[in-house]
Amino acid sequence: MSSKDAPPLPEPLRVPVADSHTHLDMQDATVEEGLARAAAVNVTTVIQVGCDVKGSRWAAETAAAHPSVYAAVALHPNEAPRIVHGDPDGWSRQGGREPGGKAALDEALAEIDRLAALDQVRGVGETGLDYFRTGPEGMAAQEESFRAHIEIAKRHGKALVIHDREAHADVLRVLADAGAPERTVFHCYSGDAEMARICADAGYFMSFAGNVTFKNAQPLRDALSVAPIELVLVETDAPFLTPAPYRGRPNAPYLIPVTLRAMAEVKGVDEDTLASAVNENTARAFDY
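Procedures and definitions
- Residues numbered from 1 in each chain as written.
- Predicted model: local features only at pLDDT ≥ 70, side-chain atom pairs only at ≥ 80, totals over all residues.
- Heavy atoms only, no water.
- Phe/Tyr/Trp six-rings, centres within 6.5 Å; stacked < 30°, edge-to-face > 60°.
- Helix = DSSP H or I, 4+ residues; strand = E, 2+ residues; numbered from the N terminus.
- Buried < 20%, exposed > 50% of the residue type's maximum accessible area, 1.4 Å probe, protein only.
- Lys NZ or Arg CZ within 6 Å of the ring centre and 35° of its normal.
- Salt bridge = Lys/Arg side-chain N within 4 Å of Asp/Glu carboxyl O.
- pLDDT = per-residue confidence, 0-100.
- Contact = heavy atoms within 4.5 Å.
- Pairing = 2+ DSSP bridges.
- Axes fitted to C-alpha atoms, helices over the stretch in contact; angles between N-to-C directions.

Novice: It is not clear to me how the packing of aromatic side chains should be interpreted in this structure. Could you clarify?
Specialist: What characterises a pair of aromatic rings is the spacing of the ring centres plus the angle enclosed by the ring planes. Applying the stated criterion to the full structure yields three aromatic pairs. Residues Tyr-70 and Tyr-288 carry aromatic rings whose centres are separated by 4.6 Å and whose planes lie at 15 degrees to one another, so their mutual orientation is stacked. Of the two residues, Tyr-70 sits in strand β3 (residues 69-73) while Tyr-288 sits in the segment after α10 (271-286), which places them 218 residues apart along the sequence. On the basis of relative accessibility, which here comes to 28%, the residue Tyr-288 falls in the partly exposed class. Residues Tyr-189 and Phe-208 carry aromatic rings whose centres are separated by 5.4 Å and whose planes lie at 45 degrees to one another, so their mutual orientation is tilted. With Tyr-189 in the loop between β6 (184-186) and α7 (193-202) and Phe-208 in strand β7 (residues 205-208), this pair connects stretches of sequence that are 19 residues apart. Taken individually, Tyr-189 and Phe-208 each receive the classification buried, so the pair is uniform in this respect. The side chain of Arg-165 reaches across the aromatic face of Phe-132, ending 3.6 Å from its centre. Over the face of the ring belonging to Phe-214 we find Arg-247, whose NZ or CZ atom lies 3.7 Å from the ring centre.

As structure tokens, then:
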């Protein structure tokens, strides 16, 4: 995508807000450009999220270099089975890889554990379960990795950032069984209103992304409308999930105001009220 495809800067928010989940390393702009554009619309903090060892190291280094950035570190749910079983047929769409077995997974988790101890790292994630691309043989590796991340988050007192794709019941089961950390965030919340009530009862944060604006996303809007305002976060998951009307174009933290305004409408509150709540919630969730 060239920058000419990039959506225009929205009207700035009056109240500063945080992007609770972004991937600056996958975006066109430099980190400095991305943060400057975000700040121009009053998106003043971003959580940079790692998905593998290399990306998690990059997240930690970037957060150390920029006061407005905090990091989350993890092996993505699709990364764990790739480490253990390899990727001979390209199922993950991330290039081939030789199988490393349990020893390779343990080694990768040890590095995530080391990074999680750093002060600028405020989250362990994105971890969880993803049944969209992972076949049955990969599920055991995913769950083992998820449980290890829960322990890492608890050991270092960091937030747990959950990736849950087509795996709601199992994610909730593992959290209940292992004991969720004090602060748990469902990134890119994808459940329905019933699940939002379960999350609310457990005190889990629910972070909504640009897909809450999509035409076919009524179940997500229903979930947002029942989610307590003190547990709601906003994110881009950029460069993915660009909010309407820019769907299909590259996403970036500066587009948070588009999603936040749509969310305020669903919640029936004014944007300043929601922005204040979300900003406070994100600081509480990630302890900054």
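On we go from here.
Novice: Help me out: how do you make sense of the pattern of salt bridges in this one?
Specialist: Pairing of side chains with opposite charge becomes possible as their charged atoms draw close. Throughout the structure, instances matching the rule amount to 14 salt bridges. Ionic pairing is found between Asp-106 and Lys-102, a salt bridge with its closest N-O pair at 3.1 Å. Of this pair, Asp-106 and Lys-102 both sit in helix α4 (residues 101-116), separated by four residues, roughly a single helical turn. A single salt-bridge network, built from bridges that share partners, covers Glu-143, Arg-147, Asp-170, Arg-173 and Asp-177.

Novice: I keep staring at the confidence of the model for the protein and nothing clicks. Help me out?
Specialist: Keep in mind that low pLDDT regions are not for reading the predicted coordinates in detail. Here the protein shows a mean pLDDT of 95. Residues at 70 or above account for 96%. Here helix α3 (residues 79-85) stands out as the least confident element of the protein, with mean pLDDT 93; strand β8 (residues 232-234) is the most confident, with 99.

Novice: Sorry, what's going on with the environment of His-149 here?
Specialist: Considering the arrangement of structural elements, one finds His-149 in helix α5 (residues 136-156). Of the residues examined, His-149 reaches a relative accessible area of 0% and is grouped as buried. Separated by 80 residues in sequence, His-149 and Ile-229 place their C-alpha atoms 27 Å apart. The contacts of His-149, once residues within four sequence positions are left out, are Ala-74, Leu-75, Leu-109, Ile-112, Val-124, Thr-127 and Leu-160.

Novice: What is the right way to look at unusual backbone geometry in this model?
Specialist: Most of the time, phi is negative for any residue but glycine, and the peptide bond is trans. A cis amide bond, omega 15 degrees, links Ala-238 with the succeeding residue Pro-239. Counting through the fold element by element, Pro-239 comes out in the loop between β8 and α9 (256-267). Across the junction of Ala-244 and Pro-245, the peptide omega takes the value 5 degrees, indicating a cis bond. Among the structural elements, Pro-245 can be located in the loop between β8 and α9. Even without a glycine there, the phi angle at Glu-166 is positive, about 55 degrees. Following the sequence through the fold, Glu-166 ends up in the loop between β5 (159-165) and α6 (168-178). Look at Leu-241: it is not a glycine, yet its phi comes out positive at around 55 degrees. Given the relative accessible area of 25%, Leu-241 is considered partly exposed.

Novice: Help me out: how do you make sense of the sheet that holds β3 in this one?
Specialist: Strand pairing in a sheet takes place through backbone hydrogen bonds and is either antiparallel or parallel in direction. One open sheet holds the eight strands; their spatial order is β1-β2-β3-β4-β5-β6-β7-β8, and the pairing between them is parallel. The two strands at the open ends of the sheet, each matched to only one other strand, are β1 (17-22) and β8. Averaged over neighbouring strand pairs, the angle between their axes works out to 30 degrees when direction is ignored. Sheet topology note: the strand β2 (residues 43-49)/β3 ladder contains four bridges and is parallel. Within β3, the residue paired with Ile-47 across the bridge is Tyr-70. Along the sheet face, α6 touches β4 (121-130), β5 and β6 and points at about 155 degrees away from the line of β5.

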